[in-house]
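Per-entry structural report
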Amino acid sequence: MAGPTTPWLVEYEGGTLARQQVGLWRDGLRRLRRNRLALAAVIYLGLLACVCVVSLFWTPYNPNLVGACPTYALPGTPGHPLGCDDLGRDLLSRLMVGSQVSLAVGLITAAIVVVLGVSVGLLIGYVRGVVDAAFALVINVFYGVPPLMIAIVLYVLLGPGLINIIIAIAASSWMDMARLVRGQTMSIREREFIEAARAGGARTGKILFGHIFPNALGPIIVQTTYVVPAAILTSAFFSFLGFGVPAPQADWGGMASEGFSPLLAGFDPYILLWPAIALSVTLLAFNFFGDGLRDAFDPRQRR
Amino acid sequence: MTESMSDPVLEVRGLSTSFFTDDGEVKAVRDVSFDLAAGETLGIVGESGCGKSVTALSILGLVSRPGRVVAGEILFKGRDLLHIDREELRQIRGGDIAMIFQDPLSSLNPVHRIGAQIEEAMRAHDKIAPREVRPRGLDLLRQVHVPDAARRVRDYPHQFSGGMRQRVMIAMGLSNRPEILIADEPTTALDVTVQAQILQLLRDLNRDLGTSIILITHNLGVVAGLCKRVVVMYAGEIVEEGSTEQIFDSPQHPYTWSLLRSLPRVDADRHERLRSIEGLPPDLIAPPPGCKFNPRCPFRLERCFSEDPELMPVGDGHVAACWVTMKRAYAEMGAGSLVDTGPGAASGTRPLIEPEAPGPSGTDGHGLEPETQDRG
């Protein structure tokens, strides 16, 4: 054993016989890496994020420029690999820009859901009693309100906009997170280390966020990866119905809607096809990623 | 009881704690009183469910719903812990009165490093200057003899063995220099050699730091190794209290006597069976009238079924709550040669189990028929 001068490092080099210990995170990431589908999903999502960032600064054409190319130009037309829509806008450019809305809705909604759901869930799970009963009522009321109704009300009151969509979706999906965290909290609070922390004089905030929250992190992360695709899908649905982001801003739901009437009019289906494919693959990727995370962090499923 | 010691740091007076369940009020602790002097080591002994742990939790105000302290006072240096505000109580928890629990495997948060948890215990209070927290954490681990402490502060709890984790718990408990350390079954989850080490550690800390220790256990051997004074609890009440010598050499309550007889002994006859106490602890919702131990007591009298005995002096600083007491049981009931300790065996009063079938109490080959002993 080395001298006591720099305790952390020197003694480490003293040659331990213990097996290399692997922390929760590293172990989880290792498992995630072994899961091919999840890995593919991560790679796809990484690429999507790059496309999204690039589209903020550069697209082949201005996505909203009418007449950038011949109306209904077929895919493969020189300079327009994905073709053009009924107004002659470049579909590749619009598809790229559309990723912004999807990712923004997905991630911001997820952030709101996590903050709100985790705080409420921790609180009512820990305090229990009357507070819990009151919030159970609130949560059930929220369950009864369809997200579309909130979206329509906000649309009428505030006009169309991305924020309204996010609010509508978050308001209708935070309860699942709150319920999950509440359940986790109720079981973790009975564990002995919580009692030990209380006996040690830990403050309530410290117990909630320092002791209970980190122990519930696995399920919270997994739940979050399900919130993201659900939010993207809902927002696309809103846009398809016309309650989405205002025109001419491109988003995948809106583009699918725009491609619907040309399809009925007998033109090629590709205007509808591109956003539909982008949407499907993205949702699939988020779901595979979520499954991979669940497998990686759920100790009961470890092999 | 507090002779030669300074004023008590902790006085528990008439403490009663109940759990209000759907089936009724479970009187887990009833009218419990005891003192703890500065630097003293007190053992609280009893079977599972006799109210030992609830007593400890009541002291720190940690009894949670549906439980509640219904009566009594808990005076820590003259201040009643049952009537101080939450922040004051929080400062006392872990600051002035620390507690360590039975299962060191689950008393540490699995997701935080050992060092961080010890430091956290100090940061929850204002007693240790922030600058000293980190070096003190390391010192504490060395003080409780965690080998290679400087490296191990960065480990997670699952990388520690049970005994090492209990040492960490003790280090955490001591981190704020508390005046009282309540150890709730600190060695129960550990194997015997590790038990001995932990007890030695507690003994050293008591001697070197002057920390008073309340040791809660069902294991009389553990008490003998550490405590100067012993409180014996049964069915939520104190049935006997005295110095360790008094309790071990001349137990006066039949329950204490039975507990001592159920201890395995190295020097016992090789073929002797262990004696258990027949029956189960009483239902705390509707305890039997009279003495709570009467359904299991070999020396019970008619009086034990109707009148609940108070704690009465049976020696210098030695009290017991019994109408018979072992002095009389030895003198009149032949307790010394009693083999069958079934209910009412010695006195023959209202036997609940008629013609005593050879039970687990061991009538193997000794041929002593307990029913023929003199009656009370």
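Going along each chain's sequence as written, the residues are numbered from 1 onward. Each chain gets a letter, beginning with A, and each ligand a number, beginning with 1, in the order they are written. Totals for whole chains, interfaces and linings use every residue, but because this is a predicted model, local features are given only for residues with pLDDT of at least 70 and side-chain atom pairs only at 80 or more, for both listing and counting.

For the rest of this paragraph, the subject is the overall build of chain A. Secondary structure follows DSSP: runs of H or I at least 4 residues long count as helices, runs of E at least 2 residues long count as strands, and numbering of each begins at the N terminus. Across its full length, chain A holds 13 helices and zero strands. Element order for chain A, N to C, with α for helix and β for strand: α-α-α-α-α-α-α-α-α-α-α-α-α. Exposed residues have 12 or fewer other C-beta atoms within 10 Å of their own C-beta, buried residues have 20 or more, and residues in between are partly exposed; the C-beta atoms are placed from the backbone. Taken over 303 residues, chain A has a buried fraction of 38%. Long-range contacts, defined as pairs at least 24 residues apart, comprise 66% of the intrachain contacts of chain A with a sequence gap of at least 6. Residue pairs are scored as contacts if the distance between their C-beta atoms, which are placed from the backbone, is within 7 Å.

Time to look at the overall build of chain B. If you tally the helices and strands in chain B, you get eleven helices and twelve strands. Buried residues in chain B amount to 50% of all 376 residues. Across chain B, the fraction of contacts at a sequence separation of at least 24, relative to all contacts at a separation of at least 6, is 65%.

On the side of chain A, 22 residues touch chain B, which itself brings 25 residues to the contact. Looking at the side of chain B that touches chain A, the elements with two or more residues in it are helix H2 (86-92), strand S6 (97-100) and helix H5 (149-152) of chain B. Amino acids are sorted into nonpolar (Ala, Val, Leu, Ile, Met, Phe, Trp, Tyr, Cys and Pro), charged (Asp, Glu, Lys and Arg) and polar (every other residue, Gly among them). Taken together, the residues of the side of chain B that touches chain A break down into eleven nonpolar, eight polar and six charged.

Let us now look at the environment of B:Asp139. All names here are of chain B. With respect to the helices and strands, aspartate 139 occurs in helix H4 (residues 130-143). Residue aspartate 139 is classed as partly exposed on the basis of its C-beta count, with 14 C-beta atoms lying within 10 Å. In sequence terms aspartate 139 and methionine 122 are 17 residues apart; their C-alpha atoms lie 13 Å from each other.

This brings us to the sheet that holds strand S11 (residues 312-315) of chain B. Residues and elements named next belong to chain B. In space, the eight strands of this open sheet follow the order S6-S7-S8-S3-S9-S10-S12-S11, with mixed pairing throughout. For this open sheet the edge positions go to S6 and S11, each flanked by a neighbour on one side alone. Sheet twist, expressed as the average angle between the axes of neighbouring strands with direction ignored, equals 20°. Across four bridges, the pairing between S6 and strand S7 (residues 180-184) is parallel. Residue pairing across strands places isoleucine 100 opposite alanine 183, the latter belonging to S7. Axis lines are fitted through C-alpha atoms, for helices just across the contact stretch, and the angle between N-to-C directions can take any value from 0 to 180 degrees. Those strands touched by helix H6 (residues 162-174) are S6 and S7, and its axis lies near 170° from that of S6. Any two strands with at least two DSSP bridges between them are considered paired.

All names here are of chain B. For the domains described, the bounds stem from an automatic or database domain assignment. Splitting chain B by domain gives domain 1 (8-110 + 170-234) and domain 2 (251-372). With 13 residues of domain 1 in contact, the opposing surface of domain 2 contributes eleven residues. Mapped by element, the contributors of at least two residues to the side of domain 1 that touches domain 2 are strand S2 (24-37), helix H8 (220-226) and strand S9 (229-234). It is S2 that provides the largest number of residues to the side of domain 1 that touches domain 2, a total of five residues.

Next up on the list: the sheet that holds S2(B). Residues and elements named next belong to chain B. With antiparallel pairing, the four strands of this open sheet are ordered in space as S2-S1-S4-S5. Two strands lie at the open edges of the sheet, namely S2 and strand S5 (79-80), each paired on one side alone. Sheet topology note: the strand S1 (residues 8-21)/strand S4 (residues 67-76) ladder contains eight bridges and is antiparallel. Paired with glutamate 11 across the two strands is leucine 75, which belongs to S4.

Quick look at the environment of B:Gln117 now. Residues and elements named next belong to chain B. With respect to the helices, strands and loops of the structure, glutamine 117 is situated in helix H3 (residues 114-123). Along the chain, glutamine 117 and valine 153 lie 36 residues apart, while their C-alpha atoms are 9.3 Å from each other. Other than its neighbours up to four places away in sequence, glutamine 117 contacts Leu108, Asn109, His112 and Met172.

Here we take up the nonpolar core. One recurring pattern in soluble globular proteins is that nonpolar side chains are buried together. B:Ile214 and B:Val232 are the most contacted members of the largest nonpolar core, which totals 171 residues. At 13 residues, the largest contribution of residues to this core is made by helix H4 (residues 91-127) of chain A. Among the domains, domain 1 (8-110 + 170-234) and domain 2 (251-372) of chain B are the pair contributing at least three residues each to this core. Discounting chain neighbours no more than four positions away, the residues touching B:Val232 are B:Val45, B:Gly46, B:Ile238, B:Val239, B:Glu240, B:Ile247, B:His253, B:Tyr255 and B:Thr256. A set of buried residues qualifies as a nonpolar core if it consists of Ala, Val, Leu, Ile, Met, Phe, Trp, Tyr and Cys joined through C-beta atoms within 7 Å.

A pair of packed helices can be characterised by two numbers: the angle between their axes and the separation between those axes. Residue and element names in this part refer to chain A. Relative to each other, H4 and helix H5 (residues 129-144) sit at 135°, their axes nearing to 7 Å. On the basis of the axis angle, H4 is oblique to H5. In this structure, H4 uses Val120, Ile124 and Val127 to contact H5, whose residues at the interface are Gly129, Val131, Asp132 and Phe135. Residue classes in the contact of H4 with H5 are distributed as five nonpolar, one polar and one charged. Roughly parallel means an angle under 35 degrees; roughly antiparallel, over 145; roughly perpendicular, 65 to 115; everything else is oblique.

Here the amide bond leading from B:Arg65 into B:Pro66 is cis, since omega sits at 5°, within 30 degrees of zero. Of note, B:Pro66 is situated in the loop between helix H1 (52-59) and S4. For A:Arg128, which is not glycine, the phi dihedral falls at a positive 55°.

With that out of the way, let us pick up the packing of H3(B) against H6(B). All names here are of chain B. Contact geometry of H3 with H6 gives a least axis separation of 8 Å together with a crossing angle of 25°. With respect to H6, the element H3 is oriented roughly parallel. At the point where H3 passes H6, the crossing takes the right-handed sense. Touching Ile114, Gln117, Ile118 and Ala121 of H3 are Val168, Ala171 and Met172, all from H6. Along the lines of polarity and charge, the residues of the contact of H3 with H6 split into six nonpolar, one polar and no charged. Crossing handedness is read from the near helix: turned anticlockwise from the far helix by less than a right angle, it gives a left-handed crossing, and turned clockwise, a right-handed one.

Let us now look at H4(A). Helices are assigned an expected span. That span is 1.5 Å times one less than the residue count. Look at H4(A): 53 Å from first C-alpha to last across 37 residues, which is about the 54 Å you get at 1.5 Å a residue. Following H4(A) by one or two positions, A:Arg128 adopts a phi angle in the positive range, close to 55°.

A word on the pairing of S7(B). For a regular strand, side-chain orientation follows a simple rule: the groups alternate between the two sheet faces. All names here are of chain B. Burial analysis of S7 places five of its five residues in the buried class, which makes it a mostly covered element. Side-chain alternation along S7 places Ile180, Ile182 and Asp184 on one buried face and Leu181 and Ala183 on a second face that is also buried. In this sheet, strand S8 (residues 212-217) lies alongside S7 in parallel orientation, the contact comprising five bridges. Paired with leucine 181 across the bridge in S8 is isoleucine 213.

Residue and element names in this part refer to chain B. The topology assignment puts cysteine 291 in the loop between helix H10 (254-261) and S11. The class for cysteine 291 is buried, based on 29 C-beta atoms found within 10 Å. Residues cysteine 291 and cysteine 322 lie 31 residues apart in sequence; the distance between their C-alpha atoms is 7.7 Å. When sequence neighbours within four positions are dropped, the list of residues in contact with cysteine 291 reads Cys304, Asp308, Pro309 and Trp323.

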